[in-house]
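In case you want the letters, here they are:
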Amino acid sequence: MATVGPESLWLWIGTIGMTIGTLYFVGKGRGVRDAKMQEFYIITIFITTIAAAMYLAMATGFGLTEVTVNGQALEIYWARYADWLFTTPLLLLDLALLAGANRNTIATLVGLDVFMIATGAIATFTTVASYRILWWGISTGALLVLLYVLVGTLSEQARTKSGEVRSLFGTLRNLVIALWLLYPVVWILGTEGTIGVLPLYWETAAFMILDLSAKVGFGVLLLRSRSVLAEARAPTAAPTA
Ligand SMILES: *C/C=C(C)/C=C/C=C(C)/C=C/C1=C(C)CCCC1(C)C
């Protein structure tokens, strides 16, 4: 059984950061009575709660296992994938609700996302190095298609919204594009990629910074202004040409 090494420092920082984020969002959401606005708070609170629990699981060694790849033992934090399987669709749901997306767009985004995390998990647990890279490629392909839908269809649907909502949507969308693209890079450079450029210690630090930015940072920006959220969930006015 693998044991947690010095990278536990980063995992504890992750646990504390996600917990503080959760408490902050709960505090911000108190007193919000509008059901449609509450959706943003509920979704965002679940994102950081799930991440806090999975960071705790990793810090305490529960979320850690060993995978032998071509005779070499790799330490794998499987709890990341359990976290991402649920938190990434929720992040996309936040973004889609802000954009006023229709059901088909939401289903397409969530479907691509679950496919990305599932094939990424296969990449992580595959024991033949070349097949790991193959699954990484499939997962990265799904990420690129997902981002294409964000830039295309979802951005188009957001255009019917008021200027303030559109501007918040644009900021969050760009944040997602910039941060999410770094995950496959950290994976391939880190222990999972078996190239061994980035040792587990620094890989864990990189994922922690990405996770905190993509969840707590995203949530802080999203929930910053109640009036923008109210506007986002109000019935859309007819688009002006
Ligand atoms: C809060 C957590 C977030 C936003 C996690 C996002 C994770 C990804 C975009 C992961 C993508 C991956 C690939 C595209 C290739 C295979 C490895 C993954 C799972 C790291």
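Colleague: Quick rundown of the overall build of the protein? Include the residues and the values.
Modeller: Counting secondary structure elements, the protein contains nine helices and two strands. Ordered by position from N to C terminus, the α and β elements of the protein give α-α-β-β-α-α-α-α-α-α-α. The C-alpha atoms of the protein give a radius of gyration of 19 Å, which matches the 18 Å a tight globule of 241 residues would have. Across its three principal axes, the protein shows a C-alpha extent of roughly 60 × 35 × 25 Å. Across the 241 residues of the protein, 48% fall into the buried class. Residue pairs at least 24 apart in sequence account for 77% of intrachain contacts in the protein once pairs closer than 6 positions are excluded. For the protein, the exposed surface amounts to about 11000 Å²; the carbon and sulfur share of it is 69%. Positive and negative side-chain charges of the protein, numbering 15 and 14 respectively, have mean locations separated by a distance of 12 Å.

Colleague: Summarise empty space enclosed by the protein; cite the residues concerned and give the values.
Modeller: Counted according to the given criterion, the structure contains two cavities of 30 Å³ or more. Along the wall of the largest cavity there are 19 residues; nearest its centre are Trp84, Met116, Ile117, Tyr183 and Pro184. Elements represented by at least two residues in the lining of the largest cavity include exactly helix 3 (79–99), helix 4 (103–125), helix 5 (129–158), helix 7 (182–189) and helix 8 (200–222). When its volume is computed, the second largest cavity comes out at roughly 30 Å³.

Colleague: Account for the environment of arginine 173, with residues named and values stated.
Modeller: Residue placement: arginine 173 occurs in helix 6 (residues 163–180). By relative accessible area, which is 19% here, arginine 173 ends up buried. Excluding residues that lie within four positions of it along the chain, arginine 173 makes contacts with Leu95, Leu150, Val151 and Ser155. Engagement of the side chain of arginine 173 in a polar contact is seen with the side chain of serine 155, the distance being 2.8 Å.

Calculation criteria
- Residues numbered from 1 in each chain as written.
- Predicted model: local features only at pLDDT ≥ 70, side-chain atom pairs only at ≥ 80, totals over all residues.
- Heavy atoms only, no water.
- Helix = DSSP H or I, 4+ residues; strand = E, 2+ residues; numbered from the N terminus.
- Rg over C-alpha atoms; globule rule 2.2 N^0.38 Å.
- Buried < 20%, exposed > 50% of the residue type's maximum accessible area, 1.4 Å probe, protein only.
- Contact = heavy atoms within 4.5 Å.
- Areas by Shrake-Rupley, 256 points an atom, 1.4 Å probe, with all protein chains shown as cover.
- Lys, Arg positive; Asp, Glu negative; His and termini not counted.
- Charge placed at Lys NZ, Arg CZ, Asp CG, Glu CD.
- 1 Å grid on protein atoms, 1.4 Å probe; cavity = no way out; pocket = protein on both sides within 12 Å on 5 of 7 lines; lining within 4 Å.
- Points joined across faces, edges and corners; volume = space filled by probe spheres on them.
- Polar contact = N/O pair within 3.5 Å; in protein donor to acceptor, adjacent residues only side chain to side chain.

None of this, on its own, says anything about what the molecule does.
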